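Residues per chain are reported as follows:
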2 protein chains.
Amino acid sequence: MLLNAFHMNCVSHIQHGLWVRDDTRQLEYTQLEPWVELAQILEKGCFDALFLADVIGLYDTYRGGPETSILEGMQVPVNDPALLIPAMAHVTEHLGFAFTSSVLQTHPFTFARQISTLDHLTRGRVAWNVVTSYLSNAAASLGLGGLPSHDERYERADEYLDVTYKLWEGSWEDDAVLRDTQRRMYADPAKVHPIHHAGKHYEVVGPHLCEPSPQRTPLLFQAGSSTRGRQFAAKHAECVFIVTSRSSLSGSASIIQDIRTQAVRQGRRPEDVRFFQGLTPVVGGTEAEAKAKEAAFIEQANMEGSLAHMSGSIGVDLGTINLDQPLATFDFQSVRGSVKGLIESSPDKSATFRDLIRSRMLRQFLTGTPEQIADELQAWFEAGVDGFNLVYTVTPGTFVDFIDGVVPVLQARGLVQRAYAPGPLRQKLFGEARLPKRHPAAAYRRG
Amino acid sequence: MLLNAFHMNCVSHIQHGLWVRDDTRQLEYTQLEPWVELAQILEKGCFDALFLADVIGLYDTYRGGPETSILEGMQVPVNDPALLIPAMAHVTEHLGFAFTSSVLQTHPFTFARQISTLDHLTRGRVAWNVVTSYLSNAAASLGLGGLPSHDERYERADEYLDVTYKLWEGSWEDDAVLRDTQRRMYADPAKVHPIHHAGKHYEVVGPHLCEPSPQRTPLLFQAGSSTRGRQFAAKHAECVFIVTSRSSLSGSASIIQDIRTQAVRQGRRPEDVRFFQGLTPVVGGTEAEAKAKEAAFIEQANMEGSLAHMSGSIGVDLGTINLDQPLATFDFQSVRGSVKGLIESSPDKSATFRDLIRSRMLRQFLTGTPEQIADELQAWFEAGVDGFNLVYTVTPGTFVDFIDGVVPVLQARGLVQRAYAPGPLRQKLFGEARLPKRHPAAAYRRG
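Residues numbered from 1 in each chain as written. Chains lettered and ligands numbered in written order. Predicted model: local features only at pLDDT ≥ 70, side-chain atom pairs only at ≥ 80, totals over all residues. Heavy atoms only, no water.

## As for the overall build of chain A
Rules: Strands here are runs of E lasting at least two residues and helices are runs of H or I lasting at least four, both read from the DSSP assignment and numbered beginning at the N terminus. Both definitions apply: the radius of gyration is a C-alpha atom measure, and the globule rule equals 2.2 Å times residues to the power 0.38. Summary of the burial criterion: residues with accessible area below 20% of their type's maximum are buried, those above 50% are exposed, and those between are partly exposed, where the area comes from a 1.4 Å probe applied to protein chains only. In this description, contact between two residues means that some pair of their heavy atoms is separated by no more than 4.5 Å. To be clear on the numbers: accessible area is Shrake-Rupley with a 1.4 Å probe, and residue cover counts the displayed protein chains and nothing else. His is not counted, nor are the chain ends; Lys and Arg add positive charge and Asp and Glu add negative charge. By convention, the point assigned to a charge is CZ for Arg, NZ for Lys, CD for Glu and CG for Asp.
Within chain A, the regular secondary structure consists of 15 helices and 13 strands. Relative to the compact-globule value of 22 Å for 447 residues, chain A shows a C-alpha radius of gyration of 22 Å, a close match. Overall, the C-alpha framework of chain A stretches about 75 × 50 × 45 Å when taken along its three principal axes. Here chain A holds 447 residues, and the buried ones make up 62% of them. Taking contacts inside chain A between residues at least 6 apart in sequence as the whole, the part at least 24 apart equals 76%. Carbon and sulfur atoms make up 48% of the accessible area of chain A, which amounts to about 15400 Å² in all. The distance from the centre of the 43 positive side-chain charges to the centre of the 51 negative ones in chain A is 6 Å.

## Some remarks on the pattern of salt bridges
Pairing is possible between side chains of opposite charge, provided their charged atoms come close. Heads up, the rule is: The salt bridge definition used is simple: a Lys or Arg side-chain nitrogen within 4 Å of an Asp or Glu carboxyl oxygen.
Applying the stated criterion to the full structure yields 48 salt bridges over all chains. Residues E371(A) and R413(A) are paired through a salt bridge, measuring 2.8 Å at the closest nitrogen-oxygen approach. You can see E371(A) sitting in helix α13 (residues 370-382) and its partner R413(A) sitting in the loop between α14 (397-412) and α15 (425-430), a full 42 residues away along the chain. Judged by relative accessible area, E371(A) falls into the partly exposed class, the value being 44%. When its relative accessible area of 29% is taken as the criterion, R413(A) is described as partly exposed. Put simply, R216(B) and D174(B) hold a salt bridge, and the shortest N to O gap is 2.7 Å. You can see R216(B) sitting in the loop between β8 (203-204) and β9 (219-222) and its partner D174(B) sitting in the loop between α6 (150-170) and β5 (177-180), a full 42 residues away along the chain. Under the relative-accessibility criterion, R216(B) is labelled buried at 3%. Salt bridges sharing partners connect three or more residues here, namely E169(A), D174(A), R216(A), R434(A) and R445(A).

## A look at the packing of α13(A) against α14(A)
Residue and element names in this part refer to chain A. Heads up, the condition is: For helices, the fitted axis covers only the stretch in contact; all axes are lines through C-alpha atoms, and the angles between them, taken along N-to-C directions, range from 0 to 180 degrees. Under this scheme an angle from 65 to 115 degrees is roughly perpendicular, one under 35 degrees roughly parallel, and one over 145 degrees roughly antiparallel; angles in between are oblique. It is the rotation of the near helix from the far one that decides the hand of a crossing: anticlockwise by less than a right angle makes it left-handed, clockwise makes it right-handed. Three residue categories are used. Nonpolar comprises Ala, Val, Leu, Ile, Met, Phe, Trp, Tyr, Cys and Pro, charged comprises Asp, Glu, Lys and Arg, and polar comprises the others, including Gly.
Look at α13 against α14: their axes get within 9 Å of each other, and the N-to-C directions meet at 55 degrees. Classified by the interaxial angle, the pair formed by α13 and α14 is oblique. You can see that α13 and α14 cross each other, and the crossing is right-handed. Note on element contacts: α14 touches α13 through F402, G405, V406, V409 and L410, opposite P370, E371, I373, A374 and L377. Along the lines of polarity and charge, the residues of the contact of α13 with α14 split into eight nonpolar, one polar and one charged.

## Quick look at the relation of the copies chain B and chain A
Inclusion rule: Copy-to-copy alignment: least squares on C-alpha atoms, limited to residues at pLDDT 70 or above in both.
Between chain B and chain A, which share one sequence, the superposing operator has a rotation angle of 180 degrees and an axial displacement of 0.0 Å; the RMSD is 0.0 Å. Here the transformation between the copies is reduced to the relation of a two-fold axis. If distances are taken from each C-alpha of chain B to the rotation axis, the shortest is found for A87(B), at 2.0 Å.

## Let's talk about the interface of chain B and chain A
The line we're drawing: Using a 1.4 Å probe, buried area is obtained as the accessible area two parts lose upon being combined, added over both of them. Polar contacts, as counted here, are pairs of nitrogen or oxygen atoms within 3.5 Å of one another; within protein the pair requires one atom able to donate a hydrogen and one able to accept it, and residues that are adjacent in sequence qualify only if both atoms are side-chain atoms.
On the chain A side, the residues contacting the 75 residues of chain B number 75 residues. Buried surface at the junction of chain B and chain A, summed over both partners, amounts to about 6500 Å²; 61% is from carbon and sulfur atoms. Across the chain B-chain A interface, the total number found is four salt bridges. E33(A) is the partner of R123(B) in a salt bridge, and the nearest nitrogen-oxygen pair spans 3.6 Å. Joining chain B to chain A, the criterion identifies 34 residue pairs in polar contact (both at pLDDT 80 or more). Those elements giving two or more residues to the side of chain B that touches chain A turn out to be α1 (33-44), α2 (67-72), α3 (85-90), α4 (108-121), α5 (136-141), β5, β6 (185-187) and β8 of chain B. Examining the composition of the side of chain B that touches chain A, we find that eight residues originate from one element, α4(B), more than from any other. Partitioning the side of chain B that touches chain A into residue classes produces 40 nonpolar, 22 polar and 13 charged.

## Some thoughts on the domain arrangement of chain A
Residues and elements named next belong to chain A. To keep things clear, this is the line we draw: For the purposes of this description, domain bounds are those given by an automatic or database domain assignment.
You can read the domains of chain A as domain 1 (2-282 + 367-444) and domain 2 (298-361). For domain 1 versus domain 2, the distance between C-alpha centres works out to 29 Å. On the side of domain 2, 18 residues touch domain 1, which itself brings 20 residues to the contact. In this assembly, domain 1 packs against domain 2 so that about 1500 Å² is buried in total across both faces, 56% of it on carbon and sulfur atoms. The three residues of domain 1 that bury the most area against domain 2 are H16, T61 and Y62, which together make up 40% of that side's buried surface.

## Thoughts on the UniProt feature "binding site: FMN" (unreviewed entry) in chain A
Residue and element names in this part refer to chain A. Going by this rule: UniProt positions are given in the numbering used here, feature names are shortened, and annotations may be inferred rather than shown by experiment.
Taken from the UniProt record, the annotation "binding site: FMN" (unreviewed entry) applies to D54, T100, H150, Y154, S225 and S226. Tracing the backbone through its elements, the reader meets H150 in helix α6 (residues 150-170). With sequence-adjacent residues up to four places away left out, H150 is seen in contact with S226 and R228. Here S225 shows up in the loop between β9 (219-222) and α7 (227-236). Classification of S225 as partly exposed rests on a relative accessible area of 45%.

## Details of the pairing of β5(B)
The side chains of a regular strand alternate between both faces of the sheet. Residue and element names in this part refer to chain B. Put simply, the test is: Strand pairing is assigned whenever DSSP identifies at least 2 bridges connecting the two strands.
Relative to β6, β5 is paired through two bridges, and the arrangement is antiparallel. Following the sheet pairing, V177 is matched in β6 by A187. As consecutive antiparallel partners, β5 and β6 are separated by four residues, and within that stretch R184 has a phi angle of approximately 55 degrees, a positive value.

## Digging into unusual backbone geometry
Among all residues save glycine, negative phi is the norm, and among peptide bonds the norm is trans. Cis geometry is adopted by the peptide bond preceding P77(A), which originates at V76(A) and carries an omega value of -5 degrees. Counting through the fold element by element, P77(A) comes out in the loop between α2 (67-72) and α3 (85-90). With an omega of 0 degrees, the peptide bond between T395(B) and P396(B) qualifies as cis. Following the sequence through the fold, P396(B) ends up in the loop between β13 (387-391) and α14 (397-412). Residues other than glycine seldom take positive phi values, yet R179(A) does so here, at roughly 50 degrees. Looking at where R179(A) falls in the secondary structure, it is placed in strand β5 (residues 177-180). Residue R179(A) is classed as partly exposed on the basis of its relative accessible area, which comes to 30%. Unusually for a residue other than glycine, R216(A) sits at a positive phi of about 55 degrees.

This is the structure we're talking about:
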């Protein structure tokens, strides 16, 4: 069972409204210290990685503008996640660092160098969460006019990955770097190649600016669960982040099955793709204590922040909806498809729309004693989920509680590691530092 | 007198061929450790900043290709400089970090966030060296077809700076961030503004993704000495890096005078721009010891690397020139203007072209006892140079020798600081953390 801490270089990531508490360091996100401390805590707890989410625009759908997001610190302001990694890498030896970067924000030639630099500096502990952006404000700030359509963004992402694969895998041969002080040859020019990529979106001559890093291509995460997103994951991803309802082990199993089947059709193996479920653990010494903690979080949580978040995610202004209207009375012809989907997903049609939103805020909570939480994680694991992206309510408290309470139980059951395996992140997770030959990136290798 | 260490995230930066020595850590450039150690050394020595150069393409003019550059590790491979800063910032408190980023490599919206993030993480210790790139390989790898013309690149840089100024200075008002846990308001939406930039090269709606950092706009370095480059410096730069011959104090004084005059014409003050000369100190306990060290460096230095470097810089393949031809016998009609300029710059016309190249390799050397070096630095300083970008021969040895030997002499003379001034980098250098009102960036401030 794999464990990631899920975080973001901003004030409020998933559980909104809790930044006001005294026992969280969210207000310090602009500084190095809380990140360095977090990395040390996670490594002590034998976590596999810190997973850093990101957005490159504001959620401005709710009530027709970004006001609620700004007021709530809801994923805005948001600093660059990649720049946290070097400092955290300096104080750790094994913890992995997955960060999110959209294919819209940086030219692939520039991005490929950032990744290679990080892979060197971390000695192979970097992972990239490939995203295509869904916030139209991001496109407006990057000179793209409107946001390209969903499928166009994935098409662009496919080409973006091709460019980076060529740079990472195909430009410098394995034995290109000689470091030969006797013959005074740093590298062999015959083994460093331009890539001459000429595609629809990008023209990149190369060669790559960086010598081969431990993993070359970073460990690849992806999170899309749309049809096109699953196709993309099946082709490229090594780790897939899924968020399904806690009550729906079978929902996760079905997504996992679908993506693995598609991966196999592309020549990959089922075990080449690992799946991570997002959950928010609330640990208590007793069940009552845990429930009381959860109740306090819910009491302090901010529904406005969640509505702004959800509105941006589904692209519908939930501010236009009467929160007190019972779900059963909605006229499906008057609401957008994604709202209809939300309503249909609710098992209780006598509930109001407000109840629905609250239940979605809660569905990620996993509350109980260490044993109870371990039981539930084990149930997910046995249903086919490989690991978890753990969401914080307070930071680093959520992770400290989990590491002190739940990790020892999971270790005693032999479900999580007691010590790190050697080598780069991919080697720790999959046994090899480099991508397997059956991954599409490997087709670009030379020599 | 200001002191920067001049460095680059690559094997061989300026003095080529010396990476083969046992007493330099150049071969470790891909790792964090030598950088973290360097930062600690520099801060102990009260240096103002570490200045990180960069290129985003290969020098491929010499002999018609990049082979020599690759063989010599001559600025290729080259990793991203910005990613070194967070780890170095974590182990220091005062040292500044200037890094180079070309306006061609990253969209200004994305870049503005990187800078703001770094300015937060370093608590205001970041500087940006604005460059426009002169290597055609960079343009070919960024999908720009050919390299835009020199003046077009500066025009683009002007707009790039406008975009970033709007984001850094004009998007979030000073009191936009409330962090009000009682009223549960992180920031005031009325004080966060889109920038609606629509120019020739960029369209950026905004708002900026980051809350105000200590300096907002980072301390601005620039290095161009062309007519257009000087105009650009006079408008934007706070620190200008110049490289003139050691024998030419008056040459530096004339550039300084020219840029300051132009700056004043734009409404700035002469003291708003500081000038840094590049020099390679070689310190010995005695003059003879220093000369012997210099002789060893020259003996080991690699002329091929320097020819590849110079060919790329001037855009002429020096591999087509007979190195043993006396300068006096060159037919000026058959050589390119920049080569003609090189030859004309040599006082000794009986020398060969090889002698000329060697003398240019040597001209940055400043060799002697600590007292002798301090004397010469003082002479530069009295001629109007504000500080120095010190080039290494071996790293960190060059800086260790300088700090152990020369810094105490300069401190005894009251020429350099014995301790750091408080606050962000700009405050340390100019007395204020923010740009003065007379800088063009200030025009975009609101509220």
